[in-house]
Amino acid sequence: MEMILFIIFYIVAIPLSVLLHEVGHAVGIIAFTRENARVFLGPANKSNKEVFKIGRMHFHITLAFFGYCNFSKGDEKQTNFQRGIIAAGGPIMSLLLSILFYIISIYTTQPEIGKFAAGISLFNMLNFLLTIIPIKYPKWWGPYKGFPSDGYRIYMAVKK
């Protein structure tokens, strides 16, 4: 059973957590702008075709452990307040997921499910911490190399 949960964790829980982090950004875009939000699980390029949409959220999904969210027309027109709120949406979603799955891990009566939920909680807490720190990601950071973290985007929005 543990091996099955381990595989599900890597194939389902991590990509879904990353996708929900990006949905957190998309909620900010939808709530504070008139733009459409494009949510990507996997690369944010033309090879990652739109799979479905919910209202103004357009989802581009492939199996991946990284994601992006952007505006359909770019973010040049947004105010610093809007940029800050949108940047904060992803880390807030990761923090909420971490808390939710921590609570589930405590109150479940099934030990395997408790460990699984604790793993999801830990992953989302790490995702929160690694995205809220204001840095530009280094070259070894894979698909995020050179991009500013969500925390850096929030910092820049507040600074201006």
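The rules we used
Residues numbered from 1 in each chain as written. Predicted model: local features only at pLDDT ≥ 70, side-chain atom pairs only at ≥ 80, totals over all residues. Heavy atoms only, no water. UniProt positions renumbered as here; feature names shortened; annotations may be inferred. Helix = DSSP H or I, 4+ residues; strand = E, 2+ residues; numbered from the N terminus. Expected span 1.5 Å × (residues − 1). Bend = angle between axes of the 7 residues up to and from the residue. Buried < 20%, exposed > 50% of the residue type's maximum accessible area, 1.4 Å probe, protein only. Contact = heavy atoms within 4.5 Å. Salt bridge = Lys/Arg side-chain N within 4 Å of Asp/Glu carboxyl O. Patch = residues over 30% accessible without salt bridge, like charges linked within 9 Å, V, L, I, M, F, W, Y side chains within 5 Å. Areas by Shrake-Rupley, 256 points an atom, 1.4 Å probe, with all protein chains shown as cover. Axes fitted to C-alpha atoms, helices over the stretch in contact; angles between N-to-C directions. Parallel < 35°, antiparallel > 145°, perpendicular 65-115°, else oblique. Left-handed = near helix turned anticlockwise from the far one by under 90°. Nonpolar A, V, L, I, M, F, W, Y, C, P; charged D, E, K, R; others polar. Pairing = 2+ DSSP bridges.

- An unreviewed UniProt entry lists the protein chain under the name Peptidase family M50, with Virgibacillus salinus given as the organism.
- Note on the protein chain: under the UniProt heading Cofactor (unreviewed entry), the record states "Zn(2+)".
- You can read under Subcellular location (unreviewed entry) in the UniProt record for the protein chain the words "Membrane".

### Overview of helix 2 (residues 80-107)
Turning to step 1, where the next piece is worked out: Its 28 residues give helix 2 an end-to-end C-alpha distance of 41 Å, which sits within 8% of 40 Å, the value for a rise of 1.5 Å per residue.
Turning to step 2, where the next piece is worked out: The sharpest bend along helix 2 comes to roughly 30 degrees, located at Gly89, with the proline Pro91 sitting one to four residues further on.
Turning to step 3, where the next piece is worked out: Within helix 2, burial applies to Gln82, Gly84, Ile86, Ala87, Ala88, Gly89, Gly90, Pro91, Ser94, Leu97, Ser98 and Ser105.
Turning to step 4, where the next piece is worked out: Looking at the buried side of helix 2, the elements it contacts are helix 1 (2-32), strand 4 (67-71), helix 3 (111-132) and helix 4 (150-159).

### Here we look at the UniProt feature "transmembrane region" (unreviewed entry) in the protein chain
Turning to step 1, where the next piece is worked out: With numbering aligned to this structure, UniProt lists the feature "transmembrane region" (unreviewed entry) at residues 7-31, 51-71, 83-104 and 116-135.
Turning to step 2, where the next piece is worked out: Regarding residues 51-71, the helix share stands at 0% and the strand share at 67%, and the terminal C-alpha atoms are separated by 17 Å.
Turning to step 3, where the next piece is worked out: Each end of residues 116-135 is marked by a C-alpha atom, and these two atoms are 30 Å apart; helix forms 85% of the span and strand 0%.

### Side note on the pattern of salt bridges
Turning to step 1, where the next piece is worked out: Inspection of every chain in the model, using the stated rule, returns one salt bridge.
Turning to step 2, where the next piece is worked out: The partner of Glu35 in a salt bridge is Lys77, and the shortest N-O contact between them spans 3.8 Å. Taken together, the positions of Glu35 in the loop between helix 1 and strand 1 (37-41) and Lys77 in the loop between strand 4 and helix 2 put the pair 42 residues apart, joining distant regions of the chain.

### Concerning a nonpolar patch on the surface
Turning to step 1, where the next piece is worked out: A grouping of Met3, Ile4, Phe6, Ile7, Ile8, Tyr10, Ile11, Val12, Leu16, Leu63 and Phe65 is seen on the molecular surface, where their side chains present a nonpolar patch of about 1,100 Å² in accessible area.
Turning to step 2, where the next piece is worked out: Inspection of the secondary structure puts Leu63 in the loop between strand 3 (57-61) and strand 4.

### With respect to the packing of helix 2 against helix 4
Each pair of packed helices can be described by the angle between their axes along with the distance between the axes.
Turning to step 1, where the next piece is worked out: Two elements in contact, helix 2 and helix 4, have axes whose closest approach is 8 Å; the angle formed by their N-to-C orientations is 160 degrees. By the angle class used here, helix 2 and helix 4 are roughly antiparallel. Classified by chirality, the crossing of helix 4 by helix 2 is left-handed. In this structure, helix 2 uses Asn80, Arg83, Gly84, Ala87, Ala88 and Pro91 to contact helix 4, whose residues at the interface are Asp150, Arg153, Ile154 and Ala157.
Turning to step 2, where the next piece is worked out: In the contact of helix 2 with helix 4, the residues fall into five nonpolar, two polar and three charged.

### Looking at the environment of Leu19
Turning to step 1, where the next piece is worked out: Of note, Leu19 is situated in helix 1.
Turning to step 2, where the next piece is worked out: Classification of Leu19 by relative accessible area gives buried; the value is 12%.
Turning to step 3, where the next piece is worked out: Setting aside residues up to four positions removed in sequence, Leu19 forms contacts with Val39, Leu41, Phe59 and Ile61.

### Section: the pairing of strand 1
Turning to step 1, where the next piece is worked out: With respect to burial, strand 1 is a largely interior element, four of its five residues being buried.
Turning to step 2, where the next piece is worked out: Where strand 1 lies against strand 3, five bridges are found, and the strand directions are parallel. Across the sheet, residue Val39 finds its bridge partner in strand 3, namely Phe59.
Turning to step 3, where the next piece is worked out: Where strand 1 and strand 4 come together, five bridges link them in antiparallel fashion. Each bridged residue has a counterpart across the sheet, and for Val39 the counterpart in strand 4 is Cys69.

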